[in-house]
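# Residue-level structure breakdown
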Amino acid sequence: MPGGRLTQQERRQIALGLADGLAYAEIGRRLDRPTSTVTREVMRNGGPTAYRADLAHRATERRAHRRRPAAPRGAEMPSSADGRDPEAVREYEETLTTVMMASGMTAMPARVMAAITLTDSGSLTASELVQRLQVSPASVSKAIAFLESQSLARREQGEGRRERYIVDDDIWYQSMIASARGTAQVADTARQGVAVLGPRTPAANRLENVARFLDFVGESITRAAEQAREVLHTRPGTTSNDAAEPSRDRA
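Residues numbered from 1 in each chain as written. Predicted model: local features only at pLDDT ≥ 70, side-chain atom pairs only at ≥ 80, totals over all residues. Heavy atoms only, no water.

Across its full length, the protein carries 11 helices and 3 strands. When its helices and strands are written in sequence order, the protein yields α-α-α-α-α-α-β-α-α-β-β-α-α-α. The 251 residues of the protein split such that 31% are buried. When the accessible surface of the protein is split by element, carbon and sulfur atoms take 54% of a total near 16,200 Å². (Helix = DSSP H or I, 4+ residues; strand = E, 2+ residues; numbered from the N terminus. Buried < 20%, exposed > 50% of the residue type's maximum accessible area, 1.4 Å probe, protein only. Areas by Shrake-Rupley, 256 points an atom, 1.4 Å probe, with all protein chains shown as cover.)

Turning to the packing of helix 9 (residues 169–197) against helix 10 (residues 202–232), a few remarks are in order. Relative to each other, helix 9 and helix 10 sit at 165 degrees, their axes nearing to 8 Å. With respect to each other, helix 9 and helix 10 are oriented roughly antiparallel. In this structure, helix 9 crosses over helix 10, and the sense of that crossing is left-handed. In terms of residue class, the contact of helix 9 with helix 10 is built from 18 nonpolar, 6 polar and 8 charged. (Axes fitted to C-alpha atoms, helices over the stretch in contact; angles between N-to-C directions. Parallel < 35°, antiparallel > 145°, perpendicular 65-115°, else oblique. Left-handed = near helix turned anticlockwise from the far one by under 90°. Nonpolar A, V, L, I, M, F, W, Y, C, P; charged D, E, K, R; others polar.)

Let us look at the side chain of T95. With respect to the secondary-structure elements, T95 resides in helix 5 (residues 86–102). Once you skip the residues sitting within four places of it in the chain, T95 turns out to touch S36 and R40. (Contact = heavy atoms within 4.5 Å.)

Let us look at the packing of helix 7 (residues 126–133) against helix 8 (residues 137–149). The geometry of helix 7 relative to helix 8 is characterised by a closest axis approach of 9 Å and an angle of 115 degrees between their N-to-C directions. The orientation of helix 7 relative to helix 8 falls into the category roughly perpendicular. Considering how the two elements wind past one another, helix 7 and helix 8 form a crossing that is right-handed. Between helix 7 and helix 8, the residues in contact are A126, L129 and V130 and P137, V140 and I144, respectively.

Right, let's get into unusual backbone geometry. For residues that are not glycine, phi is negative in most cases, and the peptide bond is trans in most cases. Here the phi dihedral of D32 falls at roughly 60 degrees; this positive angle occurs in a residue that is not glycine. Looking at the secondary structure, you find D32 in the loop between helix 2 (24–31) and helix 3 (35–43). Look at Q134: it is not a glycine, yet its phi comes out positive at around 55 degrees. When you line up the elements, Q134 lands in the loop between helix 7 and helix 8.

Here we have 3 strands laid out as an open sheet, ordered 1-3-2, and antiparallel in their pairing. If you trace the sheet from one side to the other, it starts and ends with strand 1 (123–125) and strand 2 (154–157), each paired once. Between one strand axis and the next, the sheet turns by 35 degrees as a mean value, whatever way the strands run. Across 4 bridges, the pairing between strand 2 and strand 3 (residues 163–166) is antiparallel. Among the inter-strand pairings, Q157 is bridged to a residue of strand 3, identified as E163. The strands that helix 7 touches are strand 1 and strand 3; relative to strand 1, the one it contacts most, it runs at about 90 degrees. (Pairing = 2+ DSSP bridges.)

A word on the confidence of the model for the protein. In this model, the protein carries a mean pLDDT of 82, and residues with pLDDT of at least 70 account for 84%. By mean pLDDT, the top-scoring element of the protein is strand 1 (94), and the lowest-scoring one is helix 11 (residues 240–250) (47). This stretch, residues 243–251, has a pLDDT under 50; its non-local contacts, to residues over four places away or in other chains, come to 1 contact. (pLDDT = per-residue confidence, 0-100.)

As a further point, take the nonpolar core. By size, the foremost hydrophobic cluster in this structure holds 22 residues, and its most contacted members are M105, V112, M113, I116, L129, I144 and L147. In terms of nonpolar packing, the next biggest core, distinct from the first, is built from 11 residues, L6, I14, L31 and A56 among them. (Core = buried A, V, L, I, M, F, W, Y, C linked by side-chain atoms within 4.5 Å.)

Let's shift gears to the pattern of salt bridges. Going through the model one piece at a time under the given rule, you end up with 19 salt bridges. The salt bridge involving D120 is made with R84; its shortest N-O contact spans 2.9 Å. Of the two residues, D120 sits in the loop between helix 6 (107–117) and strand 1 while R84 sits in the loop between helix 4 (53–67) and helix 5, which places them 36 residues apart along the sequence. Among the residues examined, R84 registers a relative accessible area of 38% and is labelled partly exposed. The closest approach of N and O atoms between E91 and R90, which form a salt bridge, is 2.7 Å. Residue classification places E91 among the buried residues on the basis of a relative accessible area of 19%. (Salt bridge = Lys/Arg side-chain N within 4 Å of Asp/Glu carboxyl O.)

This next bit is on the side chain of T119. Positionally, T119 belongs in the loop between helix 6 and strand 1. Judged by relative accessible area, T119 falls into the buried class, the value being 15%. At 2.7 Å, the side chain of T119 forms a polar contact with the backbone oxygen of I116. When neighbours within four sequence positions are excluded, T119 is seen to be in contact with L124 and R132. (Polar contact = N/O pair within 3.5 Å; in protein donor to acceptor, adjacent residues only side chain to side chain.)

Okay, structure coming up:
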């Protein structure tokens, strides 16, 4: 898989692909680049309808220049204490943020969720987020409020009066269940419209079909989330049955 930054020619190919209505994955295949690279490039430079290759190239050069302050000769980038490459982590955080944005999340909630997710503790305080993302406390507060409304983050009381914002394994289960509840509510509302519009009318039939479809989807999401929840509590390389074996032996 090719590394390095996108060239100006590659950006022009991305622009042509977008104009032709190609999916990010197809553009990536034609460039021999990961889909995430194309997604991040487009979302950081105006989105699919406003992307311009030359403007994107100049903007990237400006960002790269700002990130590379002149260092004393012989100085090297300090390595992370945990052995991770800080630049690789930063690039991955941008990729994760961009993919979340492409799935429908707005920029600040995506940045906050990515930042918390990539900490080993799975939690950050508001002040830590402000410092890490270089944004205002109000921006962090609004982002957390959105994530909580979607069951994608939760808060706990930390030391003193500081709250910690948490993104743990169970968050994805809770988010799926919340999504299923929302889907069920839309289905119920659609079914209410059947009585209002009159049975056997085209509009009522349409709403009834919507309700039936969403009932099935919501039930499937709930059933899959319940079944998949075991995956979150099973060590890699084992099955849920394997994990249960020691307890049966002790019994």
